[in-house]
Amino acid sequence: MLQEESDLSLMIAQIVQKLKGSNLYAQLERQAWASLQKPEIRLESLKEDIKEFFKISGWEKKLQNAVYSELNVYPLPSHPAAPPEHLKEPLVYMRKAQGSWEKRILKSLNSMCTELSIPLARKRPVGQQKELLNKWNEMGTDEPDLSLFRPVYAPKDFLEVLINLRNPNYENGDSLSFRTHLGLIQVPLKVKDIPDLKECFIELGLNTGQLGIDDSTQVPPELFENEHVRIGQKVLAEQDSAAAQQYIRQGSPTALRAELWALILNISSQPEDILYYEQLKANVIQHDLLVDSLIYKDVKLTASNDDYYFVFEDYLYQVLLCFSRDTSVLGHFAYNSASPPKSYIRGKLGLEEYAVFYPPNGVIPFHGFSMYVAPLCFLYHEPYKLYQTFREMYVRFFFRLHSISSHPSGIVSLCLLFETLLQTYLPQLFYHLREIGAQPLRISFKWMVRAFSGYLATDQLLLLWDRILGYNSLEILAVLAAAVFAFRAVNLMEVTSLAAAEAVLADLSTLKVMPLLQIFLFATIT
Amino acid sequence: MNTLMDVLRNRPGWVEVKDEGEWDFYWCDVSWLRENFDHTYMDDHVRISHFRNHYELTHKNYMVKNLKRFRRQLEREAGKLEAAKCDFFPKTFEMPCEYHLFVEEFRKHPGITWIMKPVARSQGKGIFLFRRLKDIMDWRKDTRSSDDQKDELPVENYVAQRYIENPYLIGGRKFDLRVYVLVTSYLPLRAWLYRDGFTRFSNTRFTLSSIDDQYVHLTNVAVQKTSPDYHPKKGCKWMLQRFRQYLASKHGPQVVEALFSDMDNIFIKSLQSVQKVIISDKHCFELYGYDILIDQDLKPWLLEVNASPSLTASSPEDYELKTCLLEDTLHVVDMEARLTGKEKRVGGFDLMWNDGPVSREEGAPDLPGMGNFVTNTHLGCVNDRKNQLQQLFHSLQTQKKASS
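These numbers were taken from a predicted model, which means no experiment stands behind them.

Novice: I would appreciate a short explanation of the pairing of strand S6 (residues 158-162) of chain B in the present structure.
Specialist: The side chains of a regular strand alternate between both faces of the sheet. Residue and element names in this part refer to chain B. Summarising burial for S6: 4 of the 5 residues are buried, a large majority. Sheet topology note: the strand S3 (residues 92-95)/S6 ladder contains 4 bridges and is antiparallel. Each bridged residue has a counterpart across the sheet, and for Thr92 the counterpart in S6 is Gln161. Bridge count for strand S4 (residues 114-118) against S6 is 5 bridges, and the pairing is antiparallel. Bridging from a neighbouring strand, Lys117 pairs with Val159 of S6.

Written out as structure tokens, the structure is:
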């Protein structure tokens, strides 16, 4: 009892600490002062009256949403004496692996820099600044020579690192036993099995209405859809984050999605936020970074070539270039196993006073990075809204897909979850694919790293991301990957090479995500 | 990627014939039609893919005349409000005969942009934009000097049309919609609307400052293909379903319903306006490609109607769309005489007009003005044509067996 209480008070103290520095705190203070003018506020019962005022005016709800957001994003402190690295990543060998991976990335970036004799950063001459400002809304028309640039790394490079990950305290042994894991990931992390997943994703069950299933043309809308939309509108009217997160587990109606996501991610578009975005834009105009060319290259290679996202090319530059300048993103490294790369002012190598994070937000884009942003363009029109949503999605979810950690939503766990599900419930398929040299993870890895963006049709992708937000977890990506293999199992059993297996799974654009998930979790005999 | 040949050759029981005298079905060129239709005898069952004087609808100058006349008639019969429903065509003047009327209109709205289009050409050829009378006075001098001989007819007519300066933009780009409408008869008017279609994007960002850059303003794929920015892999097209979803997430479903219902209005009124003029031969059917532009107020405008919409596929997705479109067209034309004639849906086609409006509800009376009348159109909606065709033909078979 005592331990729980002290944990709770520690948690409260931490949240209060965090919120005290936030904009919301300043606003609440201002509101409290302003409320003193009101007749309902009496000096004798000042505290209760102000609390009552907050409740009625909706400010208490905003505070609740902020607290809920903090609880979702920040991991609970495991032990008051735990050092900050443990918050990033508790296991030493994972931290070490992440550290050496980062060194490799930085080396690659630095060597590209030296090869091309391009500085990591430089101030733009005034003429160029003016030009860029004029072209801000159509940067896609620019055709800079990007032939010499190459992406710093691609998902398959990262996969090789994960395959070689080993826990030095764990002896696998040479002899095969029923416990031997047949997949590529060889670290002993705890992952859920189907009974656990069924409990966790209980709202996806066969008896619960879902958007993505129960809104199809054959189902009359009176059965589920109309009521669900009505509830969604009510949730939005209440402006309750927690309720929205619960609601969206059954999917979001198309018309309400933009607002619901903003509510769940606790994004408000205050004038300060718009101003902040404009400041970032000014930073982009003034300084040219090497990563900008990487971003351009990535957008041109991926989103611009996509049949559906090419239209949003300009928005992607506007978001990603600003993102790389946003130092507030550095905050997420407190709970990310990764650390921002450090660079030193020329000539001052090793001197901490001359160290800067590079890029300013500490995130080096890789091949396919722009696909995290592209689906959001469907929902948000104003660049600053699009920007805020992407940033929140990144610091809550996407960062876990390309850093080495033991977190249940981290990419390592997702890979292991995928492989374990396949090995346990589709052993014949798994064994067959392994025999022909087509380890399933080699095919599904790229889907999970990109959270399926660019592989599924957009409406299906958005239904999937609804559930990521609803369950505050990325595990559903691994479950979907396994469900896709299960769906195409018959064809896959007939292939005899990795290339043929890739071909069977090349086109996911016709898949309906929710039925696949439901069948895999709830309708398969376990 | 010849979709038409593939569909015709793969149709069970159909044989390609080379001999001109032997055919039952001809997907012909408009030029062949012009030369041969009048002196070709056709049996009752024979079908041909154009109406004799389709140009009443598909040539811009004729279409304008017919629409104007129809509008006046509507105003007389049903009042100004009803007539205003015909205001989906930007103000157009035939050149050079309506030149003076055009100048009057031009002077009333100084500074706006106009577009000059040749009446009968397609794929964006010969089109230019202008803002000053000087620009076309030069052009007029050029064309006049070339037909000094009184006996020579001018090579082609042009129309001057008010350019829509506030198009709805997606990703900063202008786009238009290509929609397919199948007409199997004009008297009575029977028209089907295909659920699929596509959105064609301009490759460059929209701005009024570069009138001469025809790549910006013209969204025809043919023009875009020659733009220096064009990457063939992109294709610059979205399926209509994607477009509909995009609009729904931005503006909500009611707004989208209203927009698509306005588009239904365009299709129906444009067909009604030429109903009495087109020679309604029972052998004829026609698959039209409608080009629609949406402006920022979400009002749809009719750009033009094509009698021979392009059937070449620019991508695998495009191939899929066009082959399914053609298959379903042949199902509706029904050379195999499988249909009863009472169907409201065949594959991806929904019966939009059957000598009167068609209701979406099963068995409901087709009477507009009843509170819950919803037209039987599903543009941009789910197209589960394979399932529907399977069920349809299965039930037709059982019906036949039952009645024999």
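Novice: Any chance you could explain the pattern of salt bridges here in plain terms?
Specialist: For side chains of opposite charge, pairing can occur when their charged atoms come near one another. Residue and element names in this part refer to chain A. This structure, assessed with the given rule, holds 43 salt bridges over all chains. Two residues, Arg249 and Glu203, come together in a salt bridge whose shortest N-O distance is 3.1 Å. Taken as a pair, Arg249 in the loop between helix H11 (241-247) and helix H12 (257-264) and Glu203 in the loop between helix H9 (194-200) and helix H10 (225-238) lie far apart in primary sequence, 46 residues in all. Residue Arg249 shares its accessibility class with Glu203, and that shared class is buried. Residue Glu502 is joined to Lys446 by a salt bridge in which the shortest nitrogen-to-oxygen separation is 3.5 Å. Taken together, the residues span a long stretch of sequence, with Glu502 in helix H23 (residues 498-504) and Lys446 in helix H19 (residues 440-449) at a distance of 56 residues. For Glu502, a relative accessible area of 29% corresponds to the partly exposed category. A network of salt bridges, in which partner residues are shared, links Arg122, Arg124, Asp288, Asp292 and Arg325.

Novice: Which parts of the structure should I look at to understand the confidence of the model for chain B?
Specialist: Detailed reading of the predicted coordinates is not advisable wherever pLDDT is low. All names here are of chain B. In this model, chain B carries an average pLDDT of 83, and 83% of its residues clear a pLDDT of 70 or more. Segment residues 229-235 is flagged for pLDDT under 50; beyond a separation of four residues in sequence, or across chains, it makes 17 contacts in the model. At the level of chain-chain contacts, confidence expressed as ipTM amounts to 0.75, with global pTM at 0.84.

Novice: How do you make sense of the packing of helix H20 (residues 458-471) of chain A against helix H24 (residues 513-522) of chain A when you look at a structure like this?
Specialist: Each pair of packed helices gets described by two things: the angle between the helix axes and the distance between those axes. Residue and element names in this part refer to chain A. Closest axis-to-axis distance for the H20/H24 pair is 9 Å, and the angle between their directions is 50°. Between H20 and H24, the interaxial angle falls into the category oblique. Contacts between H20 and H24 involve Gln460, Leu464 and Arg467 from the former and Val513, Met514 and Leu517 from the latter. Looking at the contact of H20 with H24, its residues break down into 4 nonpolar, 1 polar and 1 charged.

Novice: Where do I start with the interface of chain B and chain A in this structure?
Specialist: It is common to report an interface's size as the accessible area lost on association of the parts. The interface of chain B with chain A comprises 24 residues on the first partner and 26 residues on the second. Carbon and sulfur atoms make up 53% of the area that chain B and chain A hide from each other, which totals about 2,300 Å². In this structure, B:Arg173 engages A:Glu313 in a salt bridge whose closest nitrogen and oxygen atoms are separated by 3.8 Å. One can count 4 residue pairs in polar contact (both at pLDDT 80 or more) joining chain B with chain A. Contributing elements (two or more residues each) for the side of chain B that touches chain A: strand S9 (190-205), strand S10 (237-239) and helix H10 (240-251) of chain B.

Reading the values: rules and limits
Residues numbered from 1 in each chain as written. Chains lettered and ligands numbered in written order. Predicted model: local features only at pLDDT ≥ 70, side-chain atom pairs only at ≥ 80, totals over all residues. Heavy atoms only, no water. Buried < 20%, exposed > 50% of the residue type's maximum accessible area, 1.4 Å probe, protein only. Helix = DSSP H or I, 4+ residues; strand = E, 2+ residues; numbered from the N terminus. Pairing = 2+ DSSP bridges. Salt bridge = Lys/Arg side-chain N within 4 Å of Asp/Glu carboxyl O. pLDDT = per-residue confidence, 0-100. Contact = heavy atoms within 4.5 Å. Axes fitted to C-alpha atoms, helices over the stretch in contact; angles between N-to-C directions. Parallel < 35°, antiparallel > 145°, perpendicular 65-115°, else oblique. Nonpolar A, V, L, I, M, F, W, Y, C, P; charged D, E, K, R; others polar. Buried area = accessible area lost by both parts, 1.4 Å probe. Polar contact = N/O pair within 3.5 Å; in protein donor to acceptor, adjacent residues only side chain to side chain.

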